[in-house]
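Structural overview for review
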Amino acid sequence: MENTNQNTEPMLRIEDLSKYFRTEEVETVALNHVSMEVAPGEFVAIMGPSGCGKSTLLNILGLLDNPSEGKYYLLDKEVGSLKEKERTLYRKGNIGFVFQSFNLIDELNVFENVELPLIYLRIPAKKRKEMVNDILQRMNISHRAGHFPQQLSGGQQQRVAIARAVVAQPKLILADEPTGNLDTKNGQEVMTLLSELNREGTTIIMVTHSQRDSTYAHRIINLLDGQIVESVKNNL
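Cut-offs and rules
- Every chain begins its residue count from 1, and numbering advances along the sequence as written.
- Given that this is a predicted model, residues contribute local features only at a pLDDT of at least 70 and side-chain atom pairs are listed and counted only at 80 or more, while totals for whole chains, interfaces and linings are drawn from all residues.
- The side-chain quantities take in all heavy atoms of the structure and omit both hydrogens and water.
- To get an axis, fit a line to the C-alpha atoms, keeping to the stretch in contact for a helix; angles then go from 0 to 180 degrees between the N-to-C directions.
- Where helices and strands are cited, they refer to DSSP runs of H or I of at least four residues and of E of at least two residues respectively, numbered from the N terminus.
- Should an angle fall under 35 degrees it is taken as roughly parallel, and over 145 as roughly antiparallel, whereas 65 to 115 is taken as roughly perpendicular and any remaining angle as oblique.
- By definition, any crossing whose near helix is turned counterclockwise from its far helix by less than a right angle is left-handed, and any crossing with a clockwise turn is right-handed.
- We call two residues in contact when some of their heavy atoms are within 4.5 Å.
- Polar here means any residue other than Ala, Val, Leu, Ile, Met, Phe, Trp, Tyr, Cys and Pro, which are nonpolar, and Asp, Glu, Lys and Arg, which are charged; Gly is therefore polar.
- Per residue, pLDDT captures the predictor's confidence, and it can take any value from 0 to 100.
- A pair of strands is considered paired only if DSSP assigns at least 2 bridges between the two.
- Criterion for a salt bridge: a side-chain nitrogen of Lys or Arg within 4 Å of a carboxyl oxygen of Asp or Glu.
- Buried means the residue's accessible area, taken with a 1.4 Å probe over protein chains only, is under 20% of the maximum for its type, while exposed means over 50%, and partly exposed covers the values in between.

Interhelical geometry of helix α3 (residues 110-120) versus helix α5 (residues 154-166) gives an angle of 30° and a closest axis separation of 7 Å. Classed by the angle they form, the pair α3 and α5 counts as roughly parallel. Crossing of α3 over α5 shows right-handed handedness. Touching Val110, Asn113, Val114 and Pro117 of α3 are Val160, Ala163 and Arg164, all from α5. Considered class by class, the residues forming the contact of α3 with α5 number 5 nonpolar, 1 polar and 1 charged.

What follows is the structure, given as structure tokens:
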């Protein structure tokens, strides 16, 4: 059910945000004066044709890049003007990422891949073990803890990637085409997992081309030529 608490401050808010990419001869406008809010506990799907600015917007929301103009507030802090080192620090523990290409580290087994964010957060080894085992069990992948990414199916790899994204219990998950490399069955399982996490209170913003995946979201934002052209609530 959609979060409709009007008294809740937005988890994130962007105001008049633009992003330009310049070369010596050409300036490309990737985002053109975009404004939006996302409430705590909301599940938002961002859709639109290739090249419309979806990934650029997700990179800025995930503090991987700065806007050229405009403001970005995350958890009541203006973060659009932070330097790279400050962005990295603010991302830790607040934001989890799920990518289309899984982005697992081939040299690490499943347990070690999922444990990595907790090492960066300097969580003690005993607590790390407990947290990793809990999330692997939850994702139904405990039996693969000692296996390496190349020994797993695509669906299993994405489960591991989601486990890694959520093990530190971030407030926000950003998912970039999370079912893009999966067949229908595995894709639906991944969307069910994300939906469960959202019902437990995690805010999710997902970039997707899939109409089917978008039905899991509370709201669909459509982008075209770097601008929001539509924001529609789903009847869940």
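From this point, the discussion proceeds with the structure in view.
Attention now moves to the confidence of the model for the protein chain. When pLDDT is low, close inspection of the predicted coordinates is not appropriate. Looking at the protein chain, the pLDDT average stands at 91 and 97% of residues meet or exceed 70. In the model, residues 1-7 has pLDDT below 50 throughout and makes 6 contacts with residues more than four positions away in sequence or in other chains.

Moving on: the sheet that holds strand β9 (residues 219-224). Spatial strand order, β6-β7-β8-β3-β9-β10: 6 strands in an open sheet with mixed pairing. Both outer strands of the open sheet, β6 (95-99) and β10 (227-233), are each paired with one neighbouring strand and no more. Adjacent strand axes in the sheet meet at a mean angle of 20°, parallel and antiparallel pairs treated alike. As paired strands, β9 and β10 are joined by 6 bridges and run antiparallel to one another. Bridge pairing in β10 places Arg219 opposite Lys233. Where α5 meets the sheet, its contacts fall on β6 and β7 (172-176), and the angle it forms with β6 comes to roughly 170°. Seen against the sheet, helix α6 (residues 184-199) touches β3 (43-47), β7 and β8 (203-207) and runs at an angle of roughly 135° to β3.

Within the structure shown, the criterion is met by 10 salt bridges. Note that Arg13 is salt-bridged to Glu15, the shortest N-O span being 2.8 Å. Exposure remark for Arg13: the relative accessible area of 23% places this residue in the partly exposed category. For Glu200, the salt bridge goes to Arg138, with nearest N and O atoms at 2.8 Å. Highlighted residues: Glu200 in the loop between α6 and β8 and Arg138 in helix α4 (residues 125-138), separated in sequence by 62 residues. Here the salt bridges do not stand alone but share partners, grouping Arg159, Lys185 and Glu189 into one network.

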